[in-house]
Each structure stands twice: as C-alpha cells, then as structure tokens.
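The residues making up each chain are set out below.
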Amino acid sequence: MNYYAYALSLVLLWRDCSALNSPDEEVAMCSYILNQLDVIKANNEIFKLRIEMLEHRLEKFQQLFENNFHMVVDMNENTHKLLQTQHIEALRTIKNSNEILLKQYEKVTDIEISLQHLKDKVLKKDEILPNTSASTFSILKLSSDELKKTGMKI
C-alpha cells in the first residue's frame, strides 16, 4: 500500500472538509483525518523498524559472506599448496626412479657387452680347438711313429 498517496488523499479530504457548511461535520472529519494520520505515523514507525531490521540482517549476511569468502579463498590456497607439494614430490619420485632405471639400463648394457665378448672368445676357442686337437693328434702320431721306429713300444 502506498502510504504517501494515502496521506495525499487525506490532505485533499482535509481541504474538502473546510468546504463543508456544518462545523460539526468539519470537526468529525478533522478527527477522522487526524486519526488516520496517527495510523500512518505508526505504520511509518513500523516500516522504519522493519527497514532497520532488514539493514541489520543485510550487514550480518554481508559479514557471513565475507567470512565464508575468506574461508573459501584460504581453503583454495591451502589446496593449491597441497597439490603443488604433491606434484613436486611426485616429480622427485619419478626423477629418482628414472635415475635408478638409467643405472640399471647401463648395467644391463655392460652385462650384454661382457656376454658378447665371452661369446666371441668361446667362438674363437671353438674354432681353435679342432685345429689344436688335430695338431695335437698329428704330433702324437708322429711321436708314436718315431718311437716305433726307435724300437720302443707304446
């Protein structure tokens, strides 16, 4: 309800009251208007109290919002720091694991090279062994033949 329009209508009513012929009618109308003005004043006081109450609630909500906002910002910063720390630790672990794997790879490569050298040596000995055996057999046969010629028995 628009109380300003209502008050204006009471003022217009007051003006119309002064046009009345009878003083009794004028007094009754003036009393009515004064009573209505008192009602408007009382309603205005109620509205003023309601506005003050709403302003107080708004201030409390603003404080609550600011507190919650700061708490969310702090939580966000803490979460960021925690994630950053976890990320750094994970990178450190990966780096250490990578270094260990590289060392193991180098050792495996060294072992493969050593095995290849051994394989090469074994292959050379396998090639030399038949020749050496044949040579040794030939020498033994010659020695045996020589001994037979000289008269010794084997």
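This structure is a prediction, so every number in the text was calculated from the model and none was measured.

Engineer: Would you mind showing me how to read the overall build of the chain here?
Structural biologist: Secondary structure assignment for the chain yields 2 helices and 0 strands. Here the chain holds 154 residues, and the buried ones make up 5% of them. Accessible area for the chain stands at about 14100 Å²; split by element, carbon and sulfur atoms hold 63% of it.

Engineer: Any chance you could explain the packing of aromatic side chains here in plain terms?
Structural biologist: What describes a pair of aromatic rings is the distance from one ring centre to the other and the angle between the planes of the rings. The full count for this structure, using the stated rule, is 1 aromatic pair. Considering the side-chain rings of F65 and F69, the 6.2 Å spacing of their centres and the 25 degrees angle between planes classify their relative orientation as stacked. With F65 and F69 both in helix α2 (residues 23-150), this residue pair falls 4 residues apart, about one helical turn. Here F65 falls in the exposed class, since its relative accessible area comes to 58%. On the accessibility criterion, F69 (46% relative accessible area) is partly exposed.

Engineer: Could you clarify how one ought to interpret the pattern of salt bridges in this entry?
Structural biologist: Pairs can form between side chains of opposite charge whenever their charged atoms are close. Taken as a whole and judged by the stated rule, the model has 1 salt bridge. One salt bridge in this structure joins E89 and R92, with 2.6 Å as the shortest N-O distance. Of this pair, E89 and R92 both sit in helix α2, 3 residues apart, which is roughly one turn of the helix. Classification of E89 as partly exposed rests on a relative accessible area of 38%. For R92, a relative accessible area of 44% translates into the label partly exposed.

Engineer: So what exactly am I meant to see when it comes to a nonpolar patch on the surface here?
Structural biologist: A grouping of I111, L115 and L118 is seen on the molecular surface, where their side chains present a nonpolar patch of about 310 Å² in accessible area. Classification of L115 by relative accessible area gives exposed; the value is 53%.

Engineer: When you look at a negative patch on the surface in this model, what are you seeing that I'm missing?
Structural biologist: A cluster of acidic residues, E45, E52, E55 and E59, forms a negative patch on the protein surface. Along the chain, E52 falls in helix α2.

Conventions we followed
Residues numbered from 1 in each chain as written. Predicted model: local features only at pLDDT ≥ 70, side-chain atom pairs only at ≥ 80, totals over all residues. Heavy atoms only, no water. Helix = DSSP H or I, 4+ residues; strand = E, 2+ residues; numbered from the N terminus. Buried < 20%, exposed > 50% of the residue type's maximum accessible area, 1.4 Å probe, protein only. Areas by Shrake-Rupley, 256 points an atom, 1.4 Å probe, with all protein chains shown as cover. Phe/Tyr/Trp six-rings, centres within 6.5 Å; stacked < 30°, edge-to-face > 60°. Salt bridge = Lys/Arg side-chain N within 4 Å of Asp/Glu carboxyl O. Patch = residues over 30% accessible without salt bridge, like charges linked within 9 Å, V, L, I, M, F, W, Y side chains within 5 Å. Lys, Arg positive; Asp, Glu negative; His and termini not counted. Charge placed at Lys NZ, Arg CZ, Asp CG, Glu CD.

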